[in-house]
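One letter stands for each residue in the lines below.
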Amino acid sequence: ERYPTGLANVTKEELAEVIYEEATRHNHDPKFILALIAIESEFQNWSVSEQGAKGLMQIMPYVAKSLAQELGIEWSGDRTLFNPYLNIRIGIYYLSQLILDFKDIGVALTAYNYGPTYVKGLIERKERIPHDYYRKFITTYQTI
């Protein structure tokens with residue numbers, strides 16, 4: 001309710017169901033996913049970042065295309081990313097993969113934001129992983 005989404009009310013209700021179903025399927029608190037969407041796109045379905053990430057969960061097209069294939073979702077480029085239901089399915093799956101890869105939620109969230117290749121490079125070089133995004137996430141999660 002706090003975020004103007006640009007989506008019809010019936011779509012918002014259906015979206016809430018998809019977030020709940022996908023979050024629980026991947027063992028996430030639905031509030032966790034809501035916090036991520038709030039940070040990534042402020043619930044603006046048509047959001048595009050300066051780097052080119054798109055949709056509610058701000059997924060890069062090349063990442064989304066690969067994940068869509070894994071999930072058996074037909075890839076239609078921007079149409080897929082701006083379909084809020086598919087964007088959420090892909091985004092939650094992506095986050096789950098990052099958590100499995102990094103075995104740490106904070107690092108996985110940082111990788112979601114900065115990109116896993118960048119974060120893996122920091123780890124390999126034994127450099128400090130930035131925690132600003134994770135702190136922002138925790139604050140948002142506690143207030144959602």
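Given the structure is predicted, the values throughout are model-derived calculations rather than measurements.

(A) Local environment of the nonpolar core. Ile33, Met57, Ile88 and Tyr112 are the most contacted members of the largest nonpolar core, which has 42 residues in total. When residues in this core are grouped by element, the largest group, 10 residues, is from helix α5 (residues 84–102). Setting aside anything within four residues of it in sequence, one finds Ile33 in contact with Ile19, Ala23, His28, Met57, Ile92 and Leu95.

(B) Up close: the layout of surface pockets. By volume, the largest pocket amounts to about 520 Å³. Together, 23 residues line the largest pocket, and Met60, Tyr94, Tyr112, Gly115 and Pro116 are the ones closest to its centre. Where the lining of the largest pocket is concerned, the elements lending two or more residues are α3 (61–71), α5, α6 (105–114) and α7 (116–124). When residues of the lining of the largest pocket are assigned to their parent elements, the largest contribution, 5 residues, is made by α3. Here the lining of the largest pocket is built from residues that sort into 11 nonpolar, 8 polar and 4 charged.

The rules behind these values
Every chain is numbered independently, its residues counted from 1 as its sequence is written. Given that the model is predicted, a residue must reach a pLDDT of at least 70 before its local features are reported, and side-chain atom pairs must reach 80 or more before they are shown or counted; all residues, however, enter totals for whole chains, interfaces and linings. In computing side-chain properties, one takes all heavy atoms of the structure into account and sets aside hydrogens as well as water. Each nonpolar core is a collection of buried residues, namely Ala, Val, Leu, Ile, Met, Phe, Trp, Tyr and Cys, held together in the definition by side-chain atoms within 4.5 Å. Exposed residues in this analysis have more than 50% of their type's maximum accessible area, buried residues have under 20%, and partly exposed residues fall in between, with area computed by a 1.4 Å probe over protein chains only. Helix numbers and strand numbers start at the N terminus; a helix is a DSSP run of H or I with at least 4 residues, a strand a run of E with at least 2. Contacts were defined at the residue level, with two residues in contact if any of their heavy atoms lie within 4.5 Å. Definitions used for this entry: grid spacing 1 Å over protein atoms alone; cavity, a set of points where a 1.4 Å probe fits but cannot get out; pocket, an open set with protein on both sides within 12 Å along at least 5 of 7 lines; lining residue, one with an atom within 4 Å of a point. Grid points are joined across faces, edges and corners, and a volume is the space filled by probe spheres set on the points. In this count, Pro and Cys sit with the nonpolar residues alongside Ala, Val, Leu, Ile, Met, Phe, Trp and Tyr, while Asp, Glu, Lys and Arg are called charged and the others, Gly among them, polar.

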